[in-house]
Structure formats: C-alpha cells, structure tokens
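Structural overview for review
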Amino acid sequence: MYEEFHIGDVAIGTRALIAPMSGVSDLPFRRAAARAGARYTVTEMVAADALASGRPDVVRRAALDGKDLNVVQLVGREARWIGLGAQMAEEAGADIIDLNMGCPSREVTGVLCGAALMRNLDHAERLIDAAVSGTSRPVTLKMRLGWDETSRNAPELALRAEQAGIKAITVHARTRNQFYKGTCDWHAVKAVKAAVNLPVIVNGDIVDAASAEEALKQSGADAVMIGRGACGRPWIAAGIDHYLRTGMAAGEPALAERLRIALAHLADSIAFYGETNGVKIFRKHLAWYIEQAPWPQDVSERRAAKARLCRLTEARSVETGLQELWRQA
Ligand SMILES: Cc1cc2nc3c(=O)[nH]c(=O)nc-3n(C[C@H](O)[C@H](O)[C@H](O)COP(=O)(O)O)c2cc1C
C-alpha cells in the first residue's frame, strides 16, 4: 500500500525525490522537474560559509522559487557557518534544510566536508547540532554507506543524527571510495532503516520504476531519490511515483511534451542567467534531452545533431534548432 511520506511536519506528496546535483539542479532545472510533476527537488550543494559572505554564484545556487517545496542543501565544515546557513536558508523560504555528508570529490573531502565527515562522527554531530539549532525547519542528512569497505558506519551516523534532531536520512548506497563506480548495495541501507525511527530515502542507480521498486524492496526505505536518471528526463520522478502509487507504468512523455519541457527549461535558463550564460549552462541539458529522445535512431546522426545544437550561442537559434530536430522525428 502506498503510504504518504512526511519529513518532520512537511507532507512531501511523493515517494520519488530528485537528488541535489552540482552543476545540474539549479533553479531552471528544478522548475523543469516541477513542471514535469516532480514534487521534491533539492538545490545544488551550497557552501555555507560562501553563502554567509554573500558570494553571488553561491547565493544563486541557493535561489528558491517561493512556491512548491523548497529544499536547500548545505555543505561545510564549520558549525557557525552551517548554523547561519540553515538560518539564512529558512529566511529565504526553505521548507527543509539538507546537510551534505556524502560528496566524494577530493576538492570537498580535502577540506573536511562532504563524505569526509563520515570519518569524524563527533564533528558531524557538531554540524548537525548547529543546523538544527539554526532553523525551525526540518533538517535532513544525506550520506554514503561509509568512507570505505572497512568503515561502513552509515547506521551509526544515522542514529547519532536522529538523536541530534535530524528528520530524515538519505543514503547513496555506495561508499565514498567507490565514488560513482561499481553497483549500489541497496540492501545495506536496511541497516540504516533498522537503526533509526526516521524516514529513510534510498539513492543510487535508480533510473526507472523497476529499479525504484527493487531498491525499496532491498533497503526497506520509505522513498527513493533519483540523480543522474533525471538528467534529460525531469519527468522521471513523477513517473516513478505514479508507478509506486498505482502499480502501473506511467510511460514516457510524448514527443511534443518533451519539446515543451526542453523549451521552457531553456527559457528559464535565459531568464535566470541572461542569454550568454543561460545558453551555455543549458547546453548540458540540451545534450541530455537529445540523448534521451527516441530519435534520431542512428547514433552518429544523434551525435551530430547534439554537436550542432550545442555549438549555438543564441537562444533563438537553439530554440529553432530544437524545433527543427523534433519536426524531423
Ligand atoms: C553531476 C553530479 C553532481 C552531484 N552533486 C551533488 C550535490 O551537490 N550534493 C549531493 O548531496 N550529491 C550530489 N551528487 C550525488 C547525487 O545526489 C546522488 O547521490 C548520486 O548521483 C547517486 O544517485 P544516482 O545514481 O541516481 O545518480 C551529485 C551527482 C552528480 C552526478
């Protein structure tokens, strides 16, 4: 039976969430996902100290819509900035604040942020305390299974997090040392679910209804979170949620609908970043929309179309290029 899903006092309205992704889940992407039926998206990770100092690119990463459900993800290593970041995110309209303790990149772990916090649970707890004291909104935590195979301590961190006031846990079912390689161990998330009395969200390698169902079955989690599977397919969360509710596949959107989603995403990107940067930043999404489209069936033709459209610099030509490509389908 489909159970409604809450985080703290917030009714989430879906059990298929879209993951925070740096360089991907900016406001235009989150709007595209929302238009395609996603109820829950998260900002790119936002460095709490840079947010507090008002660095414009970081402030832009934390931008919210003012409607829908707004979730801001913070990353950092100093409790005072995490506390202030949580407060600022709430003031800006966040409904939920998420803490990043899962990012594997050397740039992040090298400064003792992200997944590096799984090697220092006392410090992780200090950051959680700071966030929970800094905001009245629910605070959630995103982590990995552990740093490496010999230290799979996600259940321990989850328990300490719960005791410190965290309201939900997301687990990317890999260790930090796996980065994005190997297959996810969804079954290992079961130990996290058993350790806490909180909603647990399973993440990693979920790309369709079948993998979502299997991940839920193996992990015993309450919801799924989808990252890369949403690139070029912002409708994926709505489709998976539909399946979890009804047992019926939602099907992929019709071609005209895909075009509408891509063009609205482009328009938002330009409104948000200005034309030059908006087109540039949209390119990776453009490439994904073309890769995910069911044509041109010939791979080299598709590659050529992608290369041609991704070279364009004006919004109007990207728009007509996309329309033209779709007309050929
Ligand atoms: C390009 C990219 C950027 C990411 N940025 C973040 C981030 O800012 N914060 C975070 O918690 N995880 C980040 N992740 C990890 C994803 O949220 C997710 O945990 C991971 O991709 C596994 O899920 P997937 O297999 O569905 O992609 C990122 C992943 C990718 C591919």
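No experiment lies behind these values; they were computed from the predicted model shown. (Residues numbered from 1 in each chain as written. Predicted model: local features only at pLDDT ≥ 70, side-chain atom pairs only at ≥ 80, totals over all residues.)

Topic: the overall build of the chain
- Looking only at helices and strands, one finds 14 helices and 10 strands in the chain.
- Here the C-alpha radius of gyration of the chain, 20 Å, is about what a compact globule of 329 residues would show, namely 20 Å.
- In the chain, which comprises 329 residues, the proportion classed as buried is 50%.
- A separation of at least 24 residues holds for 68% of the contacts in the chain among residues at least 6 apart in sequence. (Helix = DSSP H or I, 4+ residues; strand = E, 2+ residues; numbered from the N terminus. Rg over C-alpha atoms; globule rule 2.2 N^0.38 Å. Buried ≥ 20, exposed ≤ 12 C-beta atoms within 10 Å, placed from the backbone. Contact = placed C-beta atoms within 7 Å.)

A word on the pairing of strand β10 (residues 223–226)
- Here β10 shows a buried face lined by A223 and M225 and a second buried face lined by V224 and I226.
- Pairing analysis gives three bridges linking strand β3 (residues 16–18) to β10, with the strands arranged parallel. Bridge pairing in β10 places A16 opposite V224.
- Pairing geometry for strand β9 (residues 200–203) and β10, over three bridges, is parallel. Paired with N203 across the bridge in β10 is M225.
- You can see the chain leave β9, run along helix α9 (residues 209–219) and come back into β10, and the turn it takes is right-handed. (Pairing = 2+ DSSP bridges. Right-handed = clockwise from strand over helix to strand, strands pointing away.)

A closer look at the sheet that holds strand β8 (residues 168–172)
- Strands sit in the order β3-β10-β9-β8-β7-β6-β5-β4 across an open sheet of eight strands; the sheet is parallel. The strands lining the two open edges of the sheet, one partner per strand, are β3 and β4 (45–47). When the angles between neighbouring strand axes are averaged without regard to direction, this sheet yields 30 degrees.
- With five bridges joining them, strand β6 (residues 96–101) and strand β7 (residues 139–144) adopt parallel strand pairing. Paired with D98 across the strands is T140, a residue of β7.
- The sheet strands contacting helix α4 (residues 79–91) are β4, β5 (71–75), β6 and β7, and the helix crosses β5 at an angle near 165 degrees. (Axes fitted to C-alpha atoms, helices over the stretch in contact; angles between N-to-C directions.)

A look at the site of the ligand
- In the region of the ligand, 22 residues are neighbours, and A19, M21, M45, G227 and R228 sit closest.
- Residue composition of the shell around the ligand, by class: eight nonpolar, 10 polar and four charged. (Near = placed C-beta within 6 Å. Nonpolar A, V, L, I, M, F, W, Y, C, P; charged D, E, K, R; others polar.)

Concerning the domain arrangement of the chain
- Under the domain assignment used here, the chain contains domain 1 (6–246) and domain 2 (255–328).
- Using C-alpha coordinates to define each centre, domain 1 is positioned 29 Å away from domain 2.
- Domain 1 puts 11 residues into the contact, and the matching count from domain 2 is 11 residues. (Domains from an automatic or database assignment.)

With respect to the nonpolar core
- Within the largest apolar cluster, 104 residues are counted, with the highest numbers of intra-cluster contacts made by L74, A131, I169, V224 and A237.
- There are two domains that each give this core at least three residues, and those are domain 1 (6–246) and domain 2 (255–328).
- Residues within four places of V224 in sequence aside, it is in contact with R15, A16, L17, I201, V202, I206, A212, A215, L216 and I240. (Core = buried A, V, L, I, M, F, W, Y, C linked by C-beta atoms within 7 Å.)

Thoughts on the packing of α4 against helix α6 (residues 121–134)
- Running from N to C, α4 and α6 cross one another at 30 degrees; their axes reach a closest spacing of 7 Å. For the element pair α4 / α6, the angle class is roughly parallel. Note that α4 runs across α6; the crossing there is right-handed. Note on element contacts: α6 touches α4 through R126, L127, A130, A131, S133 and G134, opposite A79, R80, I82, G83, L84, A86 and Q87. (Parallel < 35°, antiparallel > 145°, perpendicular 65-115°, else oblique. Left-handed = near helix turned anticlockwise from the far one by under 90°.)

Quick notes on the environment of A238
- With respect to the helices and strands, A238 occurs in helix α10 (residues 236–246).
- Sequence-wise, A238 and G37 are 201 residues apart; in three dimensions their C-alpha atoms are separated by 5.1 Å.
- Look past the residues within four positions of A238 in its chain and what remains in contact with it is A36, G37, A38 and A250.

Observations concerning the pairing of β5
- Along β5, five of the five residues are buried, which leaves the element largely enclosed by surrounding structure.
- The alternating pattern of β5 places V71, Q73 and V75 and V72 and L74 on opposite faces, both of which are buried.
- Inspection of the sheet shows β4 paired to β5 by three bridges, in the parallel sense. Residue V46 lies in a different strand from β5, and its bridge partner there is L74.

Observations regarding α10
- For α10, the full list of buried residues reads I236, A237, A238, G239, I240, D241 and L244.
- The elements touched by buried residues of α10 are β3, α1 (27–35), α9 and β10.
- Positive phi shows up at G247, right after α10, with a value of about 80 degrees.

Observations regarding the packing of α1 against helix α11 (residues 255–273)
- Viewed as axis vectors pointing N to C, α1 and α11 meet at an angle of 150 degrees, and their least axial separation amounts to 9 Å. On the basis of their axis angle, the class for α1 and α11 is roughly antiparallel. The two elements α1 and α11 cross, and the hand of that crossing is right-handed. Across the interface between the two elements, L27, P28, R31, A32 and R35 of α1 pack against I261, A264, H265, D268, S269 and F272 of α11.

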